[in-house]
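Coordinates in review
The primary structure of each chain is shown beneath.
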Amino acid sequence: MLEVRCNAGLAKGPTGQYLSCLPPRKSRSGPTSAKTQPIEKRQVWESWKRIRTGGKGVGVDGLTIAEVDHDPGQYLYPVWNRLASGSYQPPAVREKSIPKGNGKERKLGIPTILDRVAQQVIRAELEPLLEPLFHADSYGYRPGRSAHDALAKCVQRTRSKRYVIDLDIKAFFDTIDHEKLMEMLARHTDKQHILLYCRRWLQAQTMKPQGELVDRTEGTPQGGVISPLLANLYLHEAFDRWMSQRFPRIEFERYADDIVIHASSQEQCEMLLMCIKKRLGEYKLTLSAEKTKTVYCWDDRIAPRSRDEIAQEFDFLGFTFKPRYLSRKDGGGCFWGFWPGISAKSRQRIGSELRDLAFHAWQELSLREMAKRLAPRIRGWLGYFSRYSPREIAPVMDQLNARLIKWVRRKFQFQTVEFARAWLLRIGERQPSLFFHWSKGFGVGQCLFRRAV
């Protein structure tokens, strides 16, 4: 066990969880002077503590977080031993497809739990070296930065610049050039163990759903712990740094491979697109002709143009930016503003999640237990999408209420939907904060009012 081999001072509480992380005791496996890589046991332990609170996806070995947590030393000690000796070889990455909003699929790569721990060891060491280099307008997968930060900056800039380039890189994560990425890494670190393991993770095989193992000669799998950091470095060199040097007055926001560029005219957009296309081609990246477009951001201060002539909306981080009829905060009437609201793709995705949950079949739960079970998801949806144009998420919350009515009818054997709705409406009037979305103004009564008007 890890607490015997490398963390003997570690105490467990009554639930079997570790209460502290004391310095590891000298290893019983003998002296570690023969280890060729400067990786300590504590690094592995700290990485495990972070991984165990993250995603629960299972890799090709079928090992779960719960199994590792039951006896961490059995699993984590070999990870450290191989990392420190230079013999660690990452297992294949399990390929998993998830649906995208356009009807296509995005392929994720799910590493094993232990491989995630190993990746986190290297990421924790590499990130402080790269983070100071990154551009101020790069927001994705960076500490202290969020999608809401990128959205706020985009809102601010669309008010002053009338044109936007909605940039889409075709299959970015799947087309990263390995040799170019390793050259970039070598320019920023001379730590050989980082270079060694990053190359091995880039070249790790992929296991297809049918069980076939496929070699990977380009790209880095979405879903890996180290992948977002490597992808940020690649686009920093290929795009961010080049933009700041070549076009220092052109503003943009980048979240991973989602990029929005602000311009003053349609002609400037065309010039920028031509230069960017050439630049990305040098890094074996291609713009999607279908998704990349120039957008006209009009509001009540300027006249609209024909939608056949130029697009007037774009999607960014789950929101659709477009002209909207807005109310002034001071109550002084309404105006047309270019403003974000939850996108149709995001509403569709949440609706699909609700259908997949099929919680109308959770008949063993009480109403309060149901509210507690659903609260984390609802809190996440509203916390993110109600930041801008909160009323536009109402149709999704209405779907949620409709499914709650279906659950009530089944559980309490109401003869009609109307009886079940009336019963749930009375509950909402007595306990308006029982469900999280009810407390935010999306109760059953509000749903009925919206339908009536």
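Placed above this text is the structure.
For the structure given in this document, a descriptive report is provided here. Since the model is a prediction, treat every value here as computed from it, not as a measurement. (Residues numbered from 1 in each chain as written. Predicted model: local features only at pLDDT ≥ 70, side-chain atom pairs only at ≥ 80, totals over all residues. Heavy atoms only, no water.)

1. What to know about the layout of surface pockets
Worth spelling out the cut-off: Buriedness of a pocket was judged along seven lines, with at least five required to meet protein on both sides within 12 Å; pockets are open sets of points on a 1 Å grid over the protein atoms alone, cavities are sets where a 1.4 Å probe fits but cannot get out, and lining residues have an atom within 4 Å of a point. Grid points are joined across faces, edges and corners, and a volume is the space filled by probe spheres set on the points. In this description a helix means any DSSP run of H or I spanning at least four residues, a strand means any run of E spanning at least two, and both kinds are numbered starting from the N terminus. In the scheme used here, Gly and all other residues not listed as nonpolar or charged are polar, with Ala, Val, Leu, Ile, Met, Phe, Trp, Tyr, Cys and Pro taken as nonpolar and Asp, Glu, Lys and Arg as charged.
What the second largest pocket holds in volume is close to 670 Å³. Lining of the second largest pocket is provided by 24 residues; of these, Arg-123, Gly-223, Gly-224, Val-225 and Pro-228 occupy positions nearest its centre. Counting residues per element, the lining of the second largest pocket draws most heavily on helix H5 (residues 113–130), at four residues. For the lining of the second largest pocket, the per-class residue count stands at 10 nonpolar, nine polar and five charged.

2. A few points about the pairing of strand S1 (residues 93–99)
The side chains of a regular strand alternate between the sheet's two faces. Basically, it comes down to this: Following DSSP output, two strands are said to pair if at least two bridges run between them.
As judged from the two bridges shared by S1 and strand S4 (residues 206–207), these two strands associate in the parallel manner. Counterpart to Val-93 in the pairing with S4 is Thr-206. Note: S1 against strand S2 (residues 105–110), six bridges, orientation antiparallel. Within the sheet, the bridge partner assigned to Arg-94 lies in S2 and is Ile-110.

3. A few points about empty space enclosed by the protein
According to the stated counting rule, one finds one cavity of 30 Å³ or more in the structure shown. If you add up the space inside the largest cavity, you get close to 60 Å³. Listed by contribution, the elements that provide at least two residues to the lining of the largest cavity are H5, helix H8 (192–203) and helix H9 (227–246). Looking at the lining of the largest cavity residue by residue, the class counts come to seven nonpolar, three polar and two charged.

Purely spatial values, then, with no claim about function.
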